[in-house]
Amino acid sequence: MNNPIKVLILGYGIRGRTYAAYAADHAEDLEIAGLADPVATFPAEATYPTWKRWEDALASGAKADAVIIALPDHLHYAACLKALQAGYHVLLEKPIGCNWKECQEIRAAQVASGKLVLTGYVLRYTPLFKRLHKVLEAGVIGKLTSVHVLVEVSYGKSAHAYCRGNWSVEANGTGMLVNKCTHDFDLIVWWMRGRICEKVSSFGALIECRPENKPEGAADRCKDCPPHVRRKCPFDAYKLYYEHTDLRYHFADPSDAGILKMIETSPYGRCVYACGNDSVDHQTVLMLYDGGLTVTLEMESFSQRRARTVHFYGTRGEIIADDEKIVVIPFLGDARRIEPEQHGHHGGGDREIMTSFVELVRENPSPERCTAILDEALESHRLAFLAEESRYTGRTMDGRSDPD
Ligand SMILES: NC(=O)c1ccc[n+]([C@@H]2O[C@H](COP(=O)([O-])OP(=O)(O)OC[C@H]3O[C@@H](n4cnc5c(N)ncnc54)[C@H](O)[C@@H]3O)[C@@H](O)[C@H]2O)c1
């Protein structure tokens, strides 16, 4: 039997707790060597050290094989550099860095250390997307002509994260496209492996949650908003967090009392028209690959459902996939529906990525393999940052170039 690998977890928020839960369920594979978070409540039964700051965890010389970085986006870069310099393998939540320069510096640090940096791209580990990849590789729909990816974020999740939350102001992190859709760029890079992206262009805007659209009589916080105004507002914090419960997992205290207190005191109780936000609420990316294949990625806030749909068009058929199923429609022959079994959050990807990470750390891959793994993840960032540059400048970008 193998000994568990030991990890330091930096950031004990939603993602940090998800990875820690893996250790609780797979004690034979993963052991927590320490946790760092300034505000989180750590497990009462913890026998390992805990720190307030990630810097103190890494400076402690704690004996561990790897570090899991589940910190807010803007801390990924500094924490990853330090973890690599200290000789740890790293599981790094996305984004790798907040801009291309940070990403390049992380690559240089990875090359110097020879250690693994696995990015938290959970979707490619899900049974559904693994199966989809196999179906595509089998070539059953002939030559691909176009791929359409639609990411419906939902009006509630979008108001939560991109108006009131961590990604509301682009200058504080990466903006909505990089935050929400690097997963999709990662899938596109995976599907397009071996092809060259020749051009990237992108358009997007913030249409709704701007001060000039604030309803007449609305207050700056939902708790102060007149009931007749709140009633007509789909983004009302009481509706999103108190009446509906599907966003409650974002909060440390999801009880009714905890949610009411949160609405009264936290940034998540602010009016979405008074958040000082500038993140887009919808964005489209167009990519041209060699041979004329086109890829379209659409990110939309104003949907009822939270969903991802992918449509592949080929010269001999179509494939349509969503979060639950894959439908293969050959022009000659019968359509086929595939519904891979999925367990757990992110379609099972949260668990599967940890299983792969543990295997990789045990295997201790060569420095060259570690660089290749990071390079594939960086490619998705390169394309996403190019798309953002296109949106800012109005130019069509050379898909082989480096973003500014
Ligand atoms: N792979 C995915 O599917 C996925 C999904 C959601 C979020 N993410 C990414 O994971 C990261 C974390 O997201 P989250 O939703 O868990 O956020 P979160 O806010 O719930 O957790 C972040 C934690 O970091 C802690 N923290 C802040 N400063 C710190 C410091 N100096 N030292 C130690 N801890 C510190 C915060 O107190 C918080 O508990 C983000 O970068 C996000 O983009 C990835």
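The structure under discussion appears in the preceding block.
Residues numbered from 1 in each chain as written. Predicted model: local features only at pLDDT ≥ 70, side-chain atom pairs only at ≥ 80, totals over all residues. Heavy atoms only, no water.

### Here's the deal with the site of the ligand
Part 1 of the reasoning: Among the 26 residues in the neighbourhood of the ligand, the closest are listed as Arg15, Asp37, Asp73, His76 and Gly120.
Part 2 of the reasoning: Glu93 places a side-chain nitrogen or oxygen 2.9 Å from a nitrogen atom of the ligand.
Part 3 of the reasoning: Here the ligand loses 82% of its free accessible area of 850 Å² to cover by the protein chains.
Part 4 of the reasoning: The set of elements that each furnish at least two residues to the shell around the ligand consists of helix H1 (14-25), helix H3 (73-85) and helix H7 (175-191).
Part 5 of the reasoning: The element that contributes the greatest number of residues to the shell around the ligand is H3, accounting for three residues.
Part 6 of the reasoning: A breakdown of the residues in the shell around the ligand according to their chemical character gives twelve nonpolar, seven polar and seven charged. (Near = heavy atom within 4 Å. Polar contact = N/O pair within 3.5 Å; in protein donor to acceptor, adjacent residues only side chain to side chain. Areas by Shrake-Rupley, 256 points an atom, 1.4 Å probe, with all protein chains shown as cover. Helix = DSSP H or I, 4+ residues; strand = E, 2+ residues; numbered from the N terminus. Nonpolar A, V, L, I, M, F, W, Y, C, P; charged D, E, K, R; others polar.)

### Things to note about empty space enclosed by the protein
Part 1 of the reasoning: Applying the stated criterion across every chain, the model contains two cavities of 30 Å³ or more.
Part 2 of the reasoning: Lining the largest cavity are 15 residues, with Cys222, Cys225, Cys233, Cys271 and Val272 sitting closest to its centre.
Part 3 of the reasoning: Of the residues contributing to the lining of the largest cavity, the split by class is eleven nonpolar, no polar and four charged.
Part 4 of the reasoning: Space inside the second largest cavity adds up to approximately 80 Å³.
Part 5 of the reasoning: As for the second largest cavity, its lining consists of 14 residues, and the residues nearest its centre are Ser158, Cys163, Cys209, Asp281 and Phe302.
Part 6 of the reasoning: Within the lining of the second largest cavity, the residues separate by chemical class into nine nonpolar, four polar and one charged. (1 Å grid on protein atoms, 1.4 Å probe; cavity = no way out; pocket = protein on both sides within 12 Å on 5 of 7 lines; lining within 4 Å. Points joined across faces, edges and corners; volume = space filled by probe spheres on them.)

### As for the layout of surface pockets
Part 1 of the reasoning: In this structure, the second largest pocket spans a volume of roughly 440 Å³.
Part 2 of the reasoning: For the second largest pocket, the lining is made up of 17 residues, of which Leu118, Arg124, Tyr125, Arg193 and Ile373 are closest to its centre.
Part 3 of the reasoning: Mapped onto the lining of the second largest pocket, the elements with two or more residues apiece are strand S6 (117-119), H7, helix H11 (349-363) and helix H12 (367-393).
Part 4 of the reasoning: Element by element, the count of residues in the lining of the second largest pocket is highest for H12, at five residues.
Part 5 of the reasoning: Counting contributing residues per domain, the lining of the second largest pocket is built from domain 1 (5-121 + 352-367) and domain 2 (124-207 + 277-343 + 378-398), each supplying no fewer than three. (Domains from an automatic or database assignment.)

### Thoughts on the packing of aromatic side chains
Part 1 of the reasoning: On inspection of all chains with the given rule, the structure shows nine aromatic pairs.
Part 2 of the reasoning: With centroids separated by 5.8 Å and ring planes inclined at 40 degrees, the aromatic side chains of Tyr12 and Phe42 adopt a geometry described as tilted. With Tyr12 in the loop between strand S1 (5-10) and H1 and Phe42 in the loop between strand S2 (30-36) and strand S3 (50-51), this residue pair connects regions lying 30 residues apart in the sequence.
Part 3 of the reasoning: With centroids separated by 5.4 Å and ring planes inclined at 80 degrees, the aromatic side chains of Phe251 and Tyr268 adopt a geometry described as edge-to-face. Here Phe251, found in the loop between helix H9 (237-243) and helix H10 (256-265), pairs with Tyr268, found in the loop between H10 and strand S9 (282-289); they are 17 residues apart in sequence, far enough to count as distant.
Part 4 of the reasoning: Judged by its relative accessible area of 16%, Tyr268 is buried.
Part 5 of the reasoning: Through a chain of ring-to-ring contacts, the aromatic side chains of Tyr155, Phe235, Tyr273 and Phe302 assemble into a single cluster. (Phe/Tyr/Trp six-rings, centres within 6.5 Å; stacked < 30°, edge-to-face > 60°. Buried < 20%, exposed > 50% of the residue type's maximum accessible area, 1.4 Å probe, protein only.)

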